[in-house]
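One letter stands for each residue in the lines below.
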Amino acid sequence: MARVFIPATLRARCDGRSEVEVEGTTLRQIVENLDAACPGIAARILEGDAVRPDLALAVNGVVGAEGLLERVPDGAEIQIMPAIAGGGAG
Amino acid sequence: MVTAEKPYKVVGTRPIRPDGTDKVTGRANYGADIRLPGMLYGRVKRSPIAHGKIKRIDASKALALPGVRAVMTAEDLPRKGRREFAPLGSVKISLATLSGNVMARDKVRYEGHAVAAVCATDPHVAEDALDLIEVEYEELPPVLHADEAMLASAPLIDEELHTREMATGESAEEPSNVAMHFVTEMGDVEAGFAEAEIVLERSFKTKMVHQGYIEPHNATAFWRHDGGLEIWCSTQATFVMRDHLAGLLEHPVSKIRVTPQEIGGGFGGKISVYLEPLAAVLSRKTGKPVKMTLTRDEVFRATGPTSGTAIRVKLGAKRDGTLVAAEGELVYEAGAFPGSPVAAGVRCIFTAYAIPNQRIDGYDVLVNKPKVQPYRAPGASAACFATDSVMDELAERLDLDPIALRLKNAAVEGTRSADGAAFGVIGNRDCLQAIQSSPHYRSELQGPNRGRGVAHGYWYNAGLESSAYASVNSDGTVALVLGSPDIGGTRASIAMQLAETLGIPAERVIPQVVDTDSVGFTSVTGGSRTAFAGGWAAHEAGLDLRQQLAARAAKIWGVEAEQVRYRDDAVIVGPAGEDGGERSITFTELAAKLARTGGMIVGRADSNHASAAPTFATHVVDVEVDPETGKVEILRYTAAQDVGTAIHPSYVEGQIQGGVSQGVGWALNEEYRFDEKGRMENASFLDYRMPTALDLPMIETVLVEVPNPGHPYGVRGVGEVPIVPPLAAVANAVHAATGHRFTELPISPAAVLEKLLPGEE
Amino acid sequence: MTEAAGTRRIVVEATINGEPQEFLADERDSLLEALRDRIGLMGVKEGCNNGNCGACTVILDGRLVCACLVMAAEVEGSAITTIEGIASSDGLHPLQQAFLEDAALQCGVCTPGFIVAAKALLDVNPHPAEDDVRLWLAGNLCRCTGYDKIVQAVLDAAGDGKESA
């Protein structure tokens, strides 16, 4: 079971909830099961077979590099956040 | 000052950097130092107006000038779709934006926008040719400020741009200059403010500022007749450059090789492509290598500054200082194409503090100014300026010590930020306490017109892919091959982590940064990720070497590999031999035997770890304001930072001191000034005033070492967060000195005098 | 290159890093362009090409100048010291050693200018105070270090007593 935090503008699709608990061991399963709980939300998160280019899914606050294959440990927290780049020192 | 003892032999020491001698003797090869036989010199023709349609480009006179070899325009680049993307770290970037920015197509969107490029046998001739390229424009009214750009009546910079709602991906019906809207919400903001006993709401503005690296952008390209494209340049990201060129030129990745030269500073501004695709096309047209370098004027007008911003912050607190609600609205200028760092501003604005109820809105807004690029902790400094100015006023109103107020509200392990993410092990309170107990903060500041300010900032850091190959040489040294361009000394800090893993002295590891054909994919040097991820890859390559060396010793001794162990002191030990004594061989001894016992050994790692950890910084500054001239002098500055483990403390201190210096410049002097037509008025180092040695005191540093539990040596990134607090710290100090709140940067002498002189209110 | 319009070549004789040299320059070449593109002394860096950053600092007949502000034709008969002429065959100059030991460089592109400028300072003032160093080096921009370690390195090199090597 993972705890998905729903961004404010997507809460309308989840009966106003800010958090939804869903099963899944990969991000792909999480998104599929989230869509079952909040119909239509997957279409907002995905584009084709991947996460939308301007969006990122974080597992416990960290955005990994494996996309929808990223493993989700039991009890994990999933955040839906904008994809943002770093800068650079030196 | 370093606060922790470490169980390491190499990590935490201060060896001389491996590339140092070449740099102090002038022998290091930077991008502009490339010279190839038959090389041509390219220059860029740029728009003199901020907004207009290109009616006609006629290069015939330029082409007729003796010595000129070719001219190119956007017609020579493939047209890219708005939804075609190229990767940039964990983000994807629109190829239409990249392509449109490197060379204007149909329309110019800012003064300095490239419209054509020319190459010639001599740089002076290429310069002469620029005046002979005729461009006819239909001028359009420019949009220069984010607030006017957001109005429905504003002229559209891009008629096909519709505001996109980040979370839902939905686009608005009507076109707009607002590219993107972000919103993050947690708890119940209205209820939170209803509960508050004091509410402060203030608005802040900052101007566009430039990264200000001393080396101008440069690129040399050679398009071979077999289609192979060679690029030599100063870039923070060779592999990203390769991917972007492949997309922009529709040329196979396998045919492009990017060779990084030494890079003279980047700070985020040397990730994007500018000259490389132009030099490539000119080389294809001429069959010769083409070298292009920007002038300083072009660097200012046509490469990435960071956003000008307008930020509104509302904080609600209990009388004891406990924050109960926060609201933020961040409007960031993207420049002429989408892509400001407003999302990072949204992510960072309140994150250092535990606030149960928050709502943050962010807007990415087009204006007719250069396309912004990342600049050190992109988006976070302006956000911190707003929040920590209000925190300062809150402390004043509640009669609380400013550090005590921040300590009361500091996020700790488990605290959630507005996007739902909870912190792991962090050094947030540790930084505040380090300043609270510092000699500087405990000293008394005396004298007229003087004031002390503090501020506290946060940055999240990045992980991403890095590769490392390590070959053992017969003399007991190790050649370490890396893919991360080294800007601030990362070769040293990565080599030190491999030396630690192998148990050998730092000087015995010889690091080298190589081209994109010679090492595995390595992401951008940026996001403060290089010492973290590169060091991790080097560590893994070292573990691979340890295992292979133990196996080789086992083979030599005729025992099972499991019976042999590589000790941390670089001695390989095995079971007792026939004489009854433990078998052992040193790393150096074994290195000398490798060639004759099965060949040399290479350790390798392609690593990708998502356990980057955030950092915090607390700064305190004393200033003196000259009431006659309005000049603000920095008397004393101390910066405490949670640096994880300091691999090479001198370079960690250097990162902090450099970030502080840039932040002080941002606070006091630096700004892009435009006339009413959008032409930049101060595109030189004389008029764009960066701090000199005379403008700063020694910058005291306190390295608070809270190791990152998600890294073998506890590394957190260190390079970015030092630029986050200075803006607010300086503004708060100027308030303490003058009694005036400065909500707009820079706090230039003119701005100070305007507040200080009577009758100007 | 002779085909190019409006360019005329001139022969310039000067002593560069102790060696008498004769080189062919374009009449429009600055000393910076001539040193880099005609002679190949790439340690002289271009940061701004208008005298504001100090990356191209060289010593011309004992005076500290920005090579970008001097025409190549002007240096006829002069003596020029660039970063390439600071170390001797015995090893690094104390300033170079101090920059290395004090980690006084990050990206390193401003470093040649700083070292040449600092050498000129120590030549006239072997034991400068911190304020003297800051004032003297105010014509050289560094964006990476915040100047702290650069100033320290110059003070340390002066402390060695070998500053006029």
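Predicted model, so just to flag it, every value in this text is computed and none were measured.

Remarks on the overall build of chain C
Here comes step 1: Summing up its helical and strand segments, chain C has 5 helices and 5 strands in all.
Here comes step 2: Ordered by position in the sequence, the α and β elements of chain C form the string β-β-α-β-β-β-α-α-α-α.
Here comes step 3: Its C-alpha atoms give chain C a radius of gyration of 16 Å, within 12% of the compact-globule value 15 Å for 165 residues.
Here comes step 4: Expressed as lengths along the three principal axes of its C-alpha atoms, the size of chain C is roughly 55 × 30 × 20 Å.
Here comes step 5: Per-residue burial over chain C gives 57% buried out of 165 residues.
Here comes step 6: Put simply, of all contacts in chain C between residues at least 6 apart along the chain, 54% involve residues at least 24 apart.
Here comes step 7: As presented, chain C carries roughly 6200 Å² of accessible surface, and 46% of it is formed by carbon and sulfur atoms.
Here comes step 8: A gap of 6 Å separates the mean positions of the 12 positive and 25 negative side-chain charges of chain C.

Remarks on the sheet that holds strand 11 (residues 178-186) of chain B
Residues and elements named next belong to chain B.
Here comes step 1: The 7 strands lie next to each other as 10-9-11-21-20-19-12, forming an open sheet whose pairing is mixed. The open sheet has two free edges, formed respectively by strand 10 (171-175) and strand 12 (198-206), since each of these has just one partner strand. Direction aside, neighbouring strands of the sheet carry axes that sit 10 degrees apart on average.
Here comes step 2: Taken together, the 2 bridges between strand 9 (residues 162-165) and strand 11 define a ladder with parallel strand orientation. In the sheet register, arginine 164 faces strand 11, and the bridge partner there is methionine 180.
Here comes step 3: Across the sheet, helix 11 (residues 380-397) is in contact with strand 12, strand 19 (309-317) and strand 20 (323-335); its angle to strand 12 comes to roughly 145 degrees.

Considerations on the pattern of salt bridges
Pairs may arise between side chains of opposite charge once their charged atoms sit close together.
Residue and element names in this part refer to chain B.
Here comes step 1: Under the defined criterion, the tally for this structure stands at 70 salt bridges over all chains.
Here comes step 2: As a salt-bridge pair, arginine 491 and aspartate 19 come within 3.0 Å of each other at their nearest N and O atoms. One end of the pair, arginine 491, is in helix 15 (residues 490-502); the other, aspartate 19, is in the segment before helix 1 (20-24), and 472 residues separate them in sequence.
Here comes step 3: Its relative accessible area of 8% is what places arginine 491 among the buried residues.
Here comes step 4: Where arginine 452 meets aspartate 622, a salt bridge forms, and the shortest distance between an N and an O atom there is 2.7 Å. Of this pair, arginine 452 sits in strand 22 (residues 450-459) while aspartate 622 sits in strand 30 (residues 615-625), and the two are 170 residues apart along the sequence. The residues arginine 452 and aspartate 622 share a single accessibility class, namely buried.
Here comes step 5: By sharing partners, the salt bridges in this structure join Arg17, Asp19, Lys23, Glu262, Asp486 and Arg491 into a single network.

Describing the sheet that holds strand 26 (residues 565-566) of chain B
Residue and element names in this part refer to chain B.
Here comes step 1: The strand order 26-27-28 describes an open sheet built from 3 strands, whose pairing is antiparallel. Because the sheet does not close on itself, it has two edges, and the strands there are strand 26 and strand 28 (582-586).
Here comes step 2: Docked against the sheet, helix 16 (residues 530-557) engages strand 26, strand 27 (571-576) and strand 28, running at close to 40 degrees with respect to strand 27.

Some details on the side chain of glutamate 333 of chain B
Residue and element names in this part refer to chain B.
Here comes step 1: Residue position: glutamate 333 is located in strand 20.
Here comes step 2: Using a relative accessible area of 7% as the deciding quantity, one classes glutamate 333 as buried.
Here comes step 3: Residues contacting glutamate 333, with those up to four places away along its chain left out, are Leu144, His145, Ala146, Met208, Ser307, Gly308, Ser340, Val365, Val367, Lys369 and Val372.

Quick look at the pairing of strand 9 of chain B
Residues in a regular strand project their side chains so that they alternate between the two faces of the sheet.
All names here are of chain B.
Here comes step 1: In the sheet, strand 9 pairs with strand 10 via 2 bridges, with the strands oriented antiparallel. Counted as the bridge partner of arginine 164 is serine 171 from strand 10.
Here comes step 2: Taking the residues that link successive antiparallel strands as the turn, the strand 9-strand 10 hairpin has 5 residues, and the phi of glycine 169 there is positive, at about 75 degrees.

Some points on unusual backbone geometry
All names here are of chain B.
Here comes step 1: A cis amide bond links leucine 745 with the next residue in sequence, proline 746, at an omega value of 0 degrees.
Here comes step 2: Residue position: proline 746 is located in the loop between helix 19 (726-738) and helix 20 (749-756).
Here comes step 3: Notably, aspartate 106 is not glycine yet its phi reads approximately 70 degrees, a positive angle.
Here comes step 4: Examined against the element boundaries, aspartate 106 turns out to sit in the loop between helix 3 (95-102) and strand 6 (107-108).

A word on the packing of aromatic side chains
All names here are of chain B.
Here comes step 1: In total, this model carries 15 aromatic pairs over all chains according to the counting rule given.
Here comes step 2: Centre to centre, the rings of phenylalanine 204 and phenylalanine 385 are 5.3 Å apart; their planes meet at 70 degrees, and the pair counts as edge-to-face. Of this pair, phenylalanine 204 sits in strand 12 while phenylalanine 385 is found in helix 11, placing the two residues 181 residues apart along the sequence. Each member of the pair, phenylalanine 204 as well as phenylalanine 385, carries the same accessibility label: buried.
Here comes step 3: When the ring of phenylalanine 300 is compared with that of phenylalanine 685, the centres are 5.7 Å apart and the planes differ by 85 degrees; the resulting orientation is edge-to-face. With a gap of 385 residues between them, phenylalanine 300 in helix 9 (residues 296-302) and phenylalanine 685 in the loop between helix 18 (649-668) and strand 32 (699-704) connect regions that are remote in the sequence.

Re the packing of helix 2 (residues 94-101) of chain C against helix 3 (residues 111-124) of chain C
Relative placement of two packed helices is described by the angle separating their axes and the distance separating the axes.
All names here are of chain C.
Here comes step 1: Close contact between helix 2 and helix 3 brings their axes to 10 Å; oriented N to C, the two are set at 130 degrees. Judged by the angle between their axes, helix 2 and helix 3 are oblique. Taken as a pair, helix 2 and helix 3 cross one another with a handedness that is right-handed. Along its contact with helix 2, which presents Leu95, Gln96 and Phe99, the element helix 3 presents Thr111, Phe114, Ile115, Ala118, Lys119 and Leu122.
Here comes step 2: Within the contact of helix 2 with helix 3, the residues separate by chemical class into 6 nonpolar, 2 polar and 1 charged.

The rules we used
Residues numbered from 1 in each chain as written. Chains lettered and ligands numbered in written order. Predicted model: local features only at pLDDT ≥ 70, side-chain atom pairs only at ≥ 80, totals over all residues. Heavy atoms only, no water. Helix = DSSP H or I, 4+ residues; strand = E, 2+ residues; numbered from the N terminus. Rg over C-alpha atoms; globule rule 2.2 N^0.38 Å. Buried < 20%, exposed > 50% of the residue type's maximum accessible area, 1.4 Å probe, protein only. Contact = heavy atoms within 4.5 Å. Areas by Shrake-Rupley, 256 points an atom, 1.4 Å probe, with all protein chains shown as cover. Lys, Arg positive; Asp, Glu negative; His and termini not counted. Charge placed at Lys NZ, Arg CZ, Asp CG, Glu CD. Pairing = 2+ DSSP bridges. Axes fitted to C-alpha atoms, helices over the stretch in contact; angles between N-to-C directions. Salt bridge = Lys/Arg side-chain N within 4 Å of Asp/Glu carboxyl O. Phe/Tyr/Trp six-rings, centres within 6.5 Å; stacked < 30°, edge-to-face > 60°. Parallel < 35°, antiparallel > 145°, perpendicular 65-115°, else oblique. Left-handed = near helix turned anticlockwise from the far one by under 90°. Nonpolar A, V, L, I, M, F, W, Y, C, P; charged D, E, K, R; others polar.

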